[in-house]
Amino acid sequence: MSQLTRKAIVQSFIKLLNEMPLDKITVKDIVDDCGVNRGTFYYYYQDVYALLEEIFATETQVSLTAMNGYTDWLEGFLHSLSFVQENKKAIYHVYNSVDRVFLEKYLYRVVGDLMVQVVHGQTADLAPREEDVQIVAGLYTHALVGIMLDWLQNGMRDNLESKARRLDYLMADSIRQALARSNPRFDTASQ
């Protein structure tokens, strides 16, 4: 029963978030929508922001599990966008709220973990230094999250998928090229 109640609260919250800004949603709105009492809500969540944090934590885990094994950043990135695309208005309302930090943490975590996995997958035969893997993964992470945040800031008018595909075309093989220089046998920059 408790899982069903939690699920009902989460679904009501996401529904409301697709209808109105985060800072306008109250616990009363959520419990009225899903048909539970306030005490039940507070049994599971301290406040609306704790609920939001749990949703992003859950979605992070779902995305990371689903992306396990990607060696192509574009495929993984597009997959990670599924929650964002399915809940565009909700994400936009969170982004435009005072507490957009939840959204940014979610994006950096999902894209960052994806990029570390992709960089390792694309360069395993090169034996790059882990420090260099983290640098290249961080560069891509910041670029991709930056593109997503710009997209949100501009009202989600651009086609994010086509922009990601164009970036993939422009940056083809750059991960391998960068980390080919990382193998300690060939690295003259650190000598």
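In case you missed it, the structure is sitting above this.
Residues numbered from 1 in each chain as written. Predicted model: local features only at pLDDT ≥ 70, side-chain atom pairs only at ≥ 80, totals over all residues. Heavy atoms only, no water.

Novice: Before we move on, can you summarise empty space enclosed by the protein with the specific residues and values?
Specialist: In the structure shown here, the tally under the stated rule is one cavity of 30 Å³ or more. Reported here for the largest cavity is a volume of approximately 70 Å³. If you go around the largest cavity, the residues you meet are Ile14, Leu17, Leu52, Ile55, Phe56, Phe83, Asn87, Ala90, Ile91 and Val94. Partitioned by chemical class, the residues of the lining of the largest cavity number nine nonpolar, one polar and no charged. (1 Å grid on protein atoms, 1.4 Å probe; cavity = no way out; pocket = protein on both sides within 12 Å on 5 of 7 lines; lining within 4 Å. Points joined across faces, edges and corners; volume = space filled by probe spheres on them. Nonpolar A, V, L, I, M, F, W, Y, C, P; charged D, E, K, R; others polar.)

Novice: Residues and numbers for unusual backbone geometry, please.
Specialist: In the Ramachandran plot, Ala127 falls in the positive-phi region, its phi being about 50° despite a non-glycine side chain. By the element assignment, Ala127 lies in the loop between helix H7 (101-123) and helix H8 (130-153). Notably, Met156 is not glycine yet its phi reads approximately 60°, a positive angle. Mapped onto the secondary structure, Met156 falls in the loop between H8 and helix H9 (160-170). With relative accessibility at 13%, the residue Met156 sits in the buried group. (Helix = DSSP H or I, 4+ residues; strand = E, 2+ residues; numbered from the N terminus. Buried < 20%, exposed > 50% of the residue type's maximum accessible area, 1.4 Å probe, protein only.)

Novice: I'd like a rundown of the packing of aromatic side chains, residues and numbers included.
Specialist: How two aromatic rings sit relative to each other is given by the distance of their centres and the angle of their planes. Under the defined criterion, the tally for this structure stands at eight aromatic pairs. Considering the side-chain rings of Tyr43 and Tyr44, the 4.9 Å spacing of their centres and the 85° angle between planes classify their relative orientation as edge-to-face. The exposure class assigned to Tyr43 is exposed, which follows from its relative accessible area of 66%. Residues Tyr49 and Phe102 carry aromatic rings whose centres are separated by 6.4 Å and whose planes lie at 15° to one another, so their mutual orientation is stacked. Of this pair, Tyr49 sits in helix H4 (residues 48-66) while Phe102 is found in helix H7, placing the two residues 53 residues apart along the sequence. Three or more aromatic residues joined by ring pairs form one cluster here, namely Phe41, Tyr42, Tyr43, Tyr44 and Tyr45. Its end group placed over the ring of Tyr95, Arg100 keeps NZ or CZ at 4.1 Å from the ring centre. (Phe/Tyr/Trp six-rings, centres within 6.5 Å; stacked < 30°, edge-to-face > 60°. Lys NZ or Arg CZ within 6 Å of the ring centre and 35° of its normal.)

Novice: Explain the environment of Arg176 to me, using residue names and the numbers behind them.
Specialist: Inspection of the secondary structure assignment puts Arg176 in helix H10 (residues 174-180). For Arg176, a relative accessible area of 31% translates into the label partly exposed. Separated by 51 residues in sequence, Arg176 and Asp125 place their C-alpha atoms 10.0 Å apart. Residues contacting Arg176, with those up to four places away along its chain left out, are Gln122, Thr123, Asp125 and Leu126. (Contact = heavy atoms within 4.5 Å.)

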